[in-house]
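Examination of the molecular architecture
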Amino acid sequence: MSTSVEARLRDGARVRLRRVGYADAVAQDLVTRVQQEYVHRYGGPDGAVVVPEEFDPPHGLSLVAEVDGAPAACGAWRSLGDERAEMKRVYVDPAFRRRGLAQVVVDAVEADAARAGVRSLVLNTGPEQPEALALYAVLGYTPAPPFGIYADEPGAVFLGKDLEERSWAS
């Protein structure tokens, strides 16, 4: 399997999806941006503990998306065991939004997880991210049982989707 793949956005721009370590400098810059967005929207960063090695193959993935060479988005998954995984850190920089990039990232995360044997992908989000809720609904995510540190948090939204085996890069 290669470590990168190219796709096209709705406007024709080229996007390069690149597998990187979660601790990669570009990935961490994008994670810092998403954490800043959580502070803006929710009043604080995501408190979920993240161990970078949890996102290493074959039990996870961390990827960055570059549009015309510029870091534009990220996404990741980590195994929860029993053919389940959690999708984390799906983020698109504001300059690249509304072009279909989030869907490209989610598709790549889903495909990689499915290729690794994951049968069910879950995530948590919240009401202050209506664009994320709309995207996940369009992509077939449905309510899932609460999990993790936000399981008892009022307003937390938990979604899941069953996956079919496929691959985003070969």
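So, here's what we can say about the structure. Please read all numbers here as calculations on a predicted model, not as lab measurements. (Residues numbered from 1 in each chain as written. Predicted model: local features only at pLDDT ≥ 70, side-chain atom pairs only at ≥ 80, totals over all residues. Heavy atoms only, no water.)

To continue, consider helix α1 (residues 25-42). Note: α-helices contain 3.6 residues per turn, so residues at a spacing of three or four share the same orientation. The end-to-end C-alpha distance of α1, which contains 18 residues, comes to 25 Å, matching closely the 26 Å that a straight helix rising 1.5 Å per residue would cover. What α1 keeps buried is the set Ala 27, Leu 30, Val 31, Val 34, Gln 35, Glu 37 and Tyr 38. Each buried residue of α1 sits inside an arc of 155° when the element is viewed along its axis, so together they form one side. Along α1, the residues that are exposed and aim more than 90 degrees away from the buried face are Ala 25, Gln 36 and His 40. Taken together, the buried residues of α1 touch β3 (60-67), β4 (70-81) and β5 (84-92). At the N-terminal end of α1, a side-chain oxygen is found 2.9 Å from the backbone nitrogen of Val 26, two or three residues along, and the residue is Asp 24. Looking one or two residues past α1, Gly 43 carries a phi angle of roughly 90°, positive in sign. (Helix = DSSP H or I, 4+ residues; strand = E, 2+ residues; numbered from the N terminus. Expected span 1.5 Å × (residues − 1). Buried < 20%, exposed > 50% of the residue type's maximum accessible area, 1.4 Å probe, protein only. Arc of directions from axis to C-beta. Contact = heavy atoms within 4.5 Å. Polar contact = N/O pair within 3.5 Å; in protein donor to acceptor, adjacent residues only side chain to side chain.)

Aromatic rings in a pair are described by how distant their centres are and how their planes are angled relative to each other. One pass over the full model with this rule turns up 3 aromatic pairs. Aromatic pair Tyr 22 and Phe 55: ring centres 4.6 Å apart, planes at 15°, arrangement stacked. Of this pair, Tyr 22 sits in the loop between β2 (14-19) and α1 while Phe 55 sits in the loop between α1 and β3, placing them 33 residues apart in sequence. Judged by its relative accessible area of 7%, Tyr 22 is buried. Judged by its relative accessible area of 1%, Phe 55 falls in the buried class. Both rings, one in Tyr 136 and one in Tyr 141, keep their centres 5.4 Å apart while their planes meet at 65°; by these two values the pair is edge-to-face. Judged by its relative accessible area of 7%, Tyr 136 is buried. (Phe/Tyr/Trp six-rings, centres within 6.5 Å; stacked < 30°, edge-to-face > 60°.)

The next subject is empty space enclosed by the protein. Where empty space is left can be seen by rolling a probe of water-molecule size over the atoms. A complete count under the given rule lists 1 cavity of 30 Å³ or more for this structure. The computed volume of the largest cavity comes to approximately 40 Å³. Lining the largest cavity, in full, are Tyr 22, Ala 27, Val 31, Ser 62, Leu 63, Cys 74, Gly 75, Ala 76 and Arg 89. Secondary-structure elements contributing two or more residues to the lining of the largest cavity are α1, β3 and β4. Among the elements that line the lining of the largest cavity, the one with the most residues is β4, at 3 residues. Taken together, the residues that form the lining of the largest cavity break down as 6 nonpolar, 2 polar and 1 charged. (1 Å grid on protein atoms, 1.4 Å probe; cavity = no way out; pocket = protein on both sides within 12 Å on 5 of 7 lines; lining within 4 Å. Points joined across faces, edges and corners; volume = space filled by probe spheres on them. Nonpolar A, V, L, I, M, F, W, Y, C, P; charged D, E, K, R; others polar.)

It is worth spelling out the nonpolar core at this point. Among the nonpolar cores identified, the biggest contains 34 residues, and Met 87, Leu 101, Leu 121, Tyr 136 and Tyr 141 are the most heavily contacted of them. Element by element, the count of residues in this core is highest for helix α2 (residues 101-115), at 8 residues. Apart from residues no more than four positions distant in its own chain, Tyr 136 is found in contact with Met 87, Val 90, Val 106, Leu 123, Tyr 141 and Leu 159. Judged by nonpolar contacts, the second largest core, of 8 residues, contains Val 20, Ala 27, Tyr 38 and Cys 74. (Core = buried A, V, L, I, M, F, W, Y, C linked by side-chain atoms within 4.5 Å.)

We now examine the side chain of Gln 35. Locating Gln 35 in the fold gives a position in helix α1. The class of Gln 35 is buried, set by a relative accessible area of 17%. For Gln 35, the side chain forms a polar contact with the main-chain nitrogen of Asp 46, separated by 2.8 Å.

Bringing helix α3 (residues 130-138) into the picture now. Along α3, the positions that sit buried rather than exposed are Ala 132, Leu 135 and Tyr 136. The arc that holds the buried residues of α3, viewed along the axis, is 95°, so those residues lie on one side. Away from its buried face, by an angle of more than 90 degrees, α3 presents the exposed residues Pro 130, Ala 137 and Val 138. Where α3 is buried, its residues touch β5, α2, β6 (120-125) and β8 (157-162). Positive backbone phi, at 95°, marks Gly 140, one or two positions downstream of α3.

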